[in-house]
Amino acid sequence: MEFGFVDCHCHISAREFEEDLAAVIQRTKEAGIKTLVSVTEEPGEFERVLQLQDRYSDLVAPCFGVHPLQVDGGSEQRSVKPQDLDAALPLFYQHRERLTAIGEIGLDFTPWCAPSQQDRDDQMNVFIKQLSIAKELDLPVNVHSRSAAKVTVSTMKDHGIRRALLHNFAGKPSVALEGVKAGYLFSFPPAVCRNQQVRNEPSNITLSCRYIAEIKGLSPETVQLITAQNAYRLFPKANKIHVQD
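Computed from a prediction, not measured in an experiment: that's the story for all the values here. (Residues numbered from 1 in each chain as written. Predicted model: local features only at pLDDT ≥ 70, side-chain atom pairs only at ≥ 80, totals over all residues. Heavy atoms only, no water.)

A.B. asks: Explain the overall build of the chain to me, please; I cannot follow it from the model alone.
C.D. replies: Secondary structure summary: the chain contains nine helices and nine strands in total. Over its C-alpha trace the chain gives a radius of gyration of 17 Å, about what one expects of a compact globule, namely 18 Å for 245 residues. Overall size of the chain, expressed as C-alpha extent along the three principal axes, is 45 × 40 × 35 Å. Put simply, 70% of the contacts in the chain that link residues at least 6 apart link residues at least 24 apart. Split by element, the accessible area of the chain, about 12,200 Å² in all, is 50% carbon and sulfur. Here the chain carries 27 positive and 31 negative side-chain charges, and the mean point of each set is 6 Å from the other. (Helix = DSSP H or I, 4+ residues; strand = E, 2+ residues; numbered from the N terminus. Rg over C-alpha atoms; globule rule 2.2 N^0.38 Å. Contact = heavy atoms within 4.5 Å. Areas by Shrake-Rupley, 256 points an atom, 1.4 Å probe, with all protein chains shown as cover. Lys, Arg positive; Asp, Glu negative; His and termini not counted. Charge placed at Lys NZ, Arg CZ, Asp CG, Glu CD.)

Below you can see the structure in the form of structure tokens.
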């Protein structure tokens with residue numbers, strides 16, 4: 001297939017896209033994006049992402065995951081608890097053939113989100129359980145890490161994770177290099193160029209591409225090609241949705 005962009009980490013099944021999804025998808029295709037690796041944050045989103053794959057089978061590559069921060073009803077975030085994973089567990093196995101990765105999972109030790117040691121312990125419990133599922137199902141992981149870079153990378157290494165995408169990584173360069181040595185890849189959202197949009201959407205991938213190209217002294221076309229190749233190497237099942245092309 002002809003390479004286009006691959007969005008390695010998007011939230012196309014989130015509620016904020018419900019009202020104008022068709023327009024978002026249209027802009028996605030116009031931007032030259034061929035694949036959306038679509039992560040989820042809680043079990044209530046799982047069916048939605050599968051429906052999107054049914055609707056856009058040549059575009060959406062679904063992931064299941066329970067995020068380290070959860071929302072109950074309103075907009076207040078709280079640290080994940082082990083019981084938040086209960087509803088998800090059978091679904092990982094039931095839909096294993098359709099999943100591209102396990103994600104969005106990870107650790108978020110931001111003080112106001114995880115103020116207690118119990119919060120951090122609960123997050124670690126949920127993270128490790130999902131890492132184990134990823135290994136069992138032979139799937140890569142799509143990982144969130146905030147205020148927890150070193151422990152996130154070391155936990156993945158300790159549990160034998162070899163295929164991982166670290167999303168919007170904000171740790172020290174030395175910690176990032178530990179991830180590189182372990183074979184992990186890193187994604188760069190439009191925030192890398194301090195874009196001020198309120199809602200991020202896949203078509204903004206062109207902003208990241210141009211910024212990376214400028215920093216590295218490459219053409220945008222080269223960045224597009226290499227990042228797509230890296231993405232399909234990490235997420236091989238995402239490439240299979242194009243077999244019929």
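A.B. asks: Could you clarify how one ought to interpret the packing of aromatic side chains in this entry?
C.D. replies: All chains considered together, the criterion is met by four aromatic pairs. When the centroid spacing of 5.9 Å and the interplanar angle of 55° are considered together, the rings of Phe-46 and Phe-92 count as tilted. Separated by 46 residues along the polypeptide, Phe-46 in helix α2 (residues 46-55) and Phe-92 in helix α3 (residues 89-94) bring together distant segments of the chain. Accessibility classification places Phe-46 together with Phe-92 in one group, the buried group. For the ring pair Phe-169 and Phe-186, a centre distance of 5.2 Å and an interplane angle of 80° mean the geometry is edge-to-face. Placement of the pair is Phe-169 in the loop between β8 (164-167) and α6 (173-181) and Phe-186 in strand β9 (residues 185-187), with a sequence separation of 17 residues. On the accessibility criterion, Phe-169 (18% relative accessible area) is buried. According to the relative accessible area criterion, Phe-186 is partly exposed, its value standing at 21%. (Phe/Tyr/Trp six-rings, centres within 6.5 Å; stacked < 30°, edge-to-face > 60°. Buried < 20%, exposed > 50% of the residue type's maximum accessible area, 1.4 Å probe, protein only.)

A.B. asks: In this structure, what is going on with the sheet that holds β9? I would like to understand it.
C.D. replies: Sheet strands associate in pairs through backbone hydrogen bonding, adopting either a parallel or an antiparallel arrangement. Read from one edge of the open sheet, seven strands run β1-β2-β3-β6-β7-β8-β9, paired in parallel fashion. Two strands in the sheet have a free side with no partner beyond their single neighbour: β1 (5-10) and β9. Averaged over all pairs of adjacent strands, the angle between their axes in this sheet comes to 25°, without regard to strand direction. As judged from the three bridges shared by β8 and β9, these two strands associate in the parallel manner. What sits directly across from His-167, in β9, is Ser-187. Together, β2 (33-38) and β3 (60-64) form the strand contacts of α2, whose direction differs from that of β3 by roughly 165°. (Pairing = 2+ DSSP bridges. Axes fitted to C-alpha atoms, helices over the stretch in contact; angles between N-to-C directions.)

A.B. asks: Would you take a moment to explain the nonpolar core for this structure?
C.D. replies: Counting 54 residues, the largest nonpolar core has Ile-12, Phe-92, Ile-102, Val-141 and Met-156 as the members making the most contacts within it. Residue contributions to this core peak at six residues, all from helix α4 (residues 117-137). Grouped together as the second largest cluster of nonpolar side chains are 15 residues, Cys-63, Leu-165, Ala-231 and Leu-234 included. (Core = buried A, V, L, I, M, F, W, Y, C linked by side-chain atoms within 4.5 Å.)

A.B. asks: When you look at unusual backbone geometry in this model, what are you seeing that I'm missing?
C.D. replies: A cis amide bond, omega 20°, links Gly-103 with the succeeding residue Glu-104. Its place among the elements puts Glu-104 in strand β6 (residues 101-108). For Asp-138, which is not glycine, the phi dihedral falls at a positive 55°. Residue placement: Asp-138 occurs in the loop between α4 and β7 (141-146). Using a relative accessible area of 57% as the deciding quantity, one classes Asp-138 as exposed.

A.B. asks: Where do I start with the pattern of salt bridges in this structure?
C.D. replies: Oppositely charged side chains can form a pair if their charged atoms are brought close together. Within the structure shown, the criterion is met by eight salt bridges. Measuring nitrogen to oxygen at the nearest pair gives 2.9 Å for the salt bridge that ties Asp-84 to Arg-78. Residue classification places Asp-84 among the buried residues on the basis of a relative accessible area of 17%. With its nearest N and O atoms 3.6 Å apart, the salt bridge here joins Lys-181 to Glu-178. Here Lys-181 and its partner Glu-178 are both found in helix α6, three residues apart, which amounts to about one turn of the helix. Take Lys-181: its relative accessible area is 67%, and that puts it in the exposed class. (Salt bridge = Lys/Arg side-chain N within 4 Å of Asp/Glu carboxyl O.)

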